[in-house]
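Remarks on the overall topology
These are the residues of each chain, in order.
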Amino acid sequence: MSIALPGIMEEYGISKVAMGGILTSLFAFYAVGQFINGQLGDKFGSRNLIVVGILGSVLLNIAFGFSSGVLIAMIVIWGLNGYFQAMGWGPSVKIVANWFPSGLRGKAAGILGTSYQIGNAASWALAGFVIGQLGWRWGFWMPSIVFALLGLHWFIRARNAPEEVGLPTIEQEDIEEINNATIKKDCHLGFRYTLKQTLLNPKVWIVGCGLFFLNIVRYGFLSWAPTYMFEVQKATISTAAFKAVAFPLAGSLGALSAGWFSDKFFGSRRAPLATIMLLLLAGFVGLYPHASNWMLSLVCLMVIGFLTFGPHMMMVTAMPMELGTRKAASSATGFIDGMGYIGAAITGIGTGWLLDTFNWSAAFYFWLVAAVVAGGLMLLLWNYKPGETEYQ
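Residues numbered from 1 in each chain as written. Predicted model: local features only at pLDDT ≥ 70, side-chain atom pairs only at ≥ 80, totals over all residues. Heavy atoms only, no water.

Re the overall build of the protein
Along the protein, the regular secondary structure elements total 17 helices and zero strands. Taken over the C-alpha trace, the protein has a radius of gyration of 21 Å; the compact-globule value for 392 residues is 21 Å, and the two agree within 12%. Dimensions of the protein, computed from the C-alpha atoms along their principal axes, are close to 65 × 40 × 35 Å. Here the protein, with 392 residues, has 55% of them falling under the buried criterion. If you take every contact in the protein between residues at least 6 apart in sequence, the share linking residues at least 24 apart comes to 81%. Surface summary for the protein: the accessible area is close to 16,100 Å², and the carbon and sulfur share equals 70%. Placing the 23 positive and 18 negative side-chain charges of the protein at their respective mean positions leaves the two points 3 Å apart. (Helix = DSSP H or I, 4+ residues; strand = E, 2+ residues; numbered from the N terminus. Rg over C-alpha atoms; globule rule 2.2 N^0.38 Å. Buried < 20%, exposed > 50% of the residue type's maximum accessible area, 1.4 Å probe, protein only. Contact = heavy atoms within 4.5 Å. Areas by Shrake-Rupley, 256 points an atom, 1.4 Å probe, with all protein chains shown as cover. Lys, Arg positive; Asp, Glu negative; His and termini not counted. Charge placed at Lys NZ, Arg CZ, Asp CG, Glu CD.)

Quick look at the structure:
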């Protein structure tokens, strides 16, 4: 979508506020979907729910490519796309929680946390090439074909938990269990348990609020950086797309580094590193619009990506597993990520309004303040360390 924005606005004469409304519809429906689908991921398992989400998203992206400029239709289609995409992340985190013990989750979360950065970079590169050659509509159709194939691969290969393939749970170490070929179920402990682990845990609320503000920064850059390069730096759409790829690619390094670093040097405490990275992020967000040449601008964008996705990975992957336990990992993830996407919804239309009403400087100040507040919230959890529970 971010690569297609200039083409859509030019073809239909849509303002930045209206375009921000389309972006906000996805984030708003995604937030609602996270709250609901996080609970459903713990109930029904990750494999089936993610397949349904992929198929729904594929069909809605194809439909959006046939948009005729009717704003309400574009808002509804893109919003529903957000709901179906919200079937992905919470259940994905639950699978990691099921397959990895607590001492390895920082590393595993770091690896998983590269998926949406590398995937984002690949989609921007693909969209930049396809849109440059064939127009903005193919920026929705071509990725849908790729996504459908990945959904088929997921359905064939994915397994919800070790119990499904006759292995013991991560809490068990009995050798007889390892040799037991009986397929078991990853049992659901009931909505009372998953809701309690989510709604009555103040630490989950703090992380969720922190992600709310971090996503204002993250989606500010993800949604609007190519447009900034196109309008202010005078890059072509293809050039802006390929340059913007540096943001998520550097972010994947941030995710890997944060997971490993927090396990190695902070005793699996995520909040201290998140606090440091978020406050540094605020400084580089303020610096970015003052970068005087394209090389300095690119380096600054990469640092912003590194400092954005490092804490983001810990807040949506490692910390929900630890705060929710593996039996409520999807629920805790859905709640935290849902809070984050309320922030993303605000930055969609909010940034569009700031750009139409004021200028790009106002947008950068908006993102800078959000990074500072996110860092302050993570500071509240500085001393928190994951403890041992029955379900880890």
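Next, the rest of the story.
Observations regarding the packing of aromatic side chains
In total, this model carries 30 aromatic pairs according to the counting rule given. The interplanar angle of 80° and the centroid separation of 5.3 Å between the aromatic rings of tyrosine 228 and phenylalanine 364 together place this pair among those described as edge-to-face. Linking tyrosine 228 in helix H11 (residues 202-231) with phenylalanine 364 in helix H17 (residues 360-379), this pair joins segments that are 136 residues apart in sequence. Considered together, tyrosine 228 and phenylalanine 364 belong to a single accessibility category, that of buried residues. Aromatic ring contacts, followed pair by pair, group Phe221, Tyr228, Phe247, Tyr288, Phe309, Trp360, Phe364 and Trp367 into a single cluster. The residue whose ring lies beneath arginine 47 is phenylalanine 155, and the NZ or CZ to ring-centre distance is 4.4 Å. (Phe/Tyr/Trp six-rings, centres within 6.5 Å; stacked < 30°, edge-to-face > 60°. Lys NZ or Arg CZ within 6 Å of the ring centre and 35° of its normal.)

Section: the environment of leucine 377
Residue position: leucine 377 is located in helix H17. Here the alpha-carbon distance between leucine 377 and methionine 315, two residues 62 residues apart in the chain, equals 12 Å. Those residues in contact with leucine 377, other than ones at most four positions away along the chain, are Ile206, Cys209, Gly210 and Phe213.

Overview of the packing of helix H3 (residues 46-65) against helix H8 (residues 138-157)
Packed helices, taken two at a time, are described by the angle between their axes plus the distance between the axes. Running from amino to carboxyl end, H3 crosses H8 at an angle of 165°, the nearest separation of the two axes being 9 Å. In terms of their interaxial angle, H3 and H8 are classed as roughly antiparallel. Once H3 is placed against H8, the crossing between them reads as left-handed. Contact with H3, carried on its side by Ser46, Arg47, Asn48, Ile50, Val51, Ile54, Ser57, Val58, Asn61, Ile62, Phe64 and Gly65, involves Phe140, Trp141, Ser144, Phe147, Ala148, Gly151, Trp154, Phe155 and Ile156 of H8 and no other residues of that element. (Axes fitted to C-alpha atoms, helices over the stretch in contact; angles between N-to-C directions. Parallel < 35°, antiparallel > 145°, perpendicular 65-115°, else oblique. Left-handed = near helix turned anticlockwise from the far one by under 90°.)

Side note on the pattern of salt bridges
Between side chains of opposite charge, a pair can form as their charged atoms come close. Under the counting rule described, the total for this entry stands at two salt bridges. A salt bridge links glutamate 231 to lysine 16; its shortest N-O distance comes to 2.8 Å. With a gap of 215 residues between them, glutamate 231 in helix H11 and lysine 16 in helix H2 (residues 16-44) connect regions that are remote in the sequence. Owing to a relative accessible area of 28%, glutamate 231 belongs among the partly exposed residues under this scheme. (Salt bridge = Lys/Arg side-chain N within 4 Å of Asp/Glu carboxyl O.)

Here's the deal with the nonpolar core
Judged by nonpolar contacts, the single largest core of 96 residues is most densely connected at Ile8, Phe64, Phe221, Leu281, Tyr288 and Trp367. Filtering out sequence-adjacent residues up to four positions away, leucine 281 remains in contact with Leu214, Val217, Ile304, Leu307, Thr308 and Ala371. (Core = buried A, V, L, I, M, F, W, Y, C linked by side-chain atoms within 4.5 Å.)

Examining the environment of lysine 243
One can find lysine 243 in helix H12 (residues 237-244). On the basis of relative accessibility, which here comes to 15%, the residue lysine 243 falls in the buried class. Filtering out sequence-adjacent residues up to four positions away, lysine 243 remains in contact with Met229, Gln233, Trp294, Ser297, Leu298 and Leu301.

A closer look at the side chain of arginine 269
Structurally, the position occupied by arginine 269 is in the loop between helix H13 (246-265) and helix H14 (271-287). Only 2.8 Å separates the side chain of arginine 269 from the backbone oxygen of tryptophan 382, close enough to count as a polar contact. The contact partners of arginine 269, leaving out residues within four places of it in the chain, are Ser262, Trp382, Asn383, Tyr384 and Lys385. (Polar contact = N/O pair within 3.5 Å; in protein donor to acceptor, adjacent residues only side chain to side chain.)

Some details on empty space enclosed by the protein
This model, assessed by the stated rule, comprises one cavity of 30 Å³ or more. Volume-wise, the largest cavity comes out at about 40 Å³. Taken together, Phe221, Trp224, Ala225, Tyr228, Tyr288, Trp360, Phe364 and Trp367 make up the full set of residues lining the largest cavity. Broken down by element, the lining of the largest cavity gets its largest block of residues, four residues, from H11. (1 Å grid on protein atoms, 1.4 Å probe; cavity = no way out; pocket = protein on both sides within 12 Å on 5 of 7 lines; lining within 4 Å. Points joined across faces, edges and corners; volume = space filled by probe spheres on them.)

Re H17
Here H17 contains 20 residues, and its C-alpha end-to-end distance of 29 Å stays within 8% of the 28 Å for a straight helix at 1.5 Å per residue. Of the residues making up H17, those classed as buried are Trp360, Ala362, Ala363, Phe364, Trp367, Ala370, Ala371, Ala374, Gly375, Leu377 and Met378. The opening residue of H17 is asparagine 359, an N-cap whose side-chain oxygen sits 3.1 Å from the backbone nitrogen of serine 361. (Expected span 1.5 Å × (residues − 1).)

Thoughts on the packing of helix H7 (residues 115-134) against H13
Here H7 crosses H13 at 170°, and the two axes come no closer than 8 Å. The angle between H7 and H13 falls in the class roughly antiparallel. Along its contact with H7, which presents Gln117, Ile118, Asn120, Ala121 and Trp124, the element H13 presents Pro248, Leu249, Gly251, Ser252 and Ala255. Taken together, the residues of the contact of H7 with H13 break down into six nonpolar, four polar and no charged. (Nonpolar A, V, L, I, M, F, W, Y, C, P; charged D, E, K, R; others polar.)

A word on the confidence of the model for the protein
For the protein, the mean per-residue pLDDT works out to 84, and 90% of the residues sit at or above 70. Counting interchain partners and residues more than four positions distant, the pLDDT-below-50 stretch residues 173-178 has seven contacts. (pLDDT = per-residue confidence, 0-100.)

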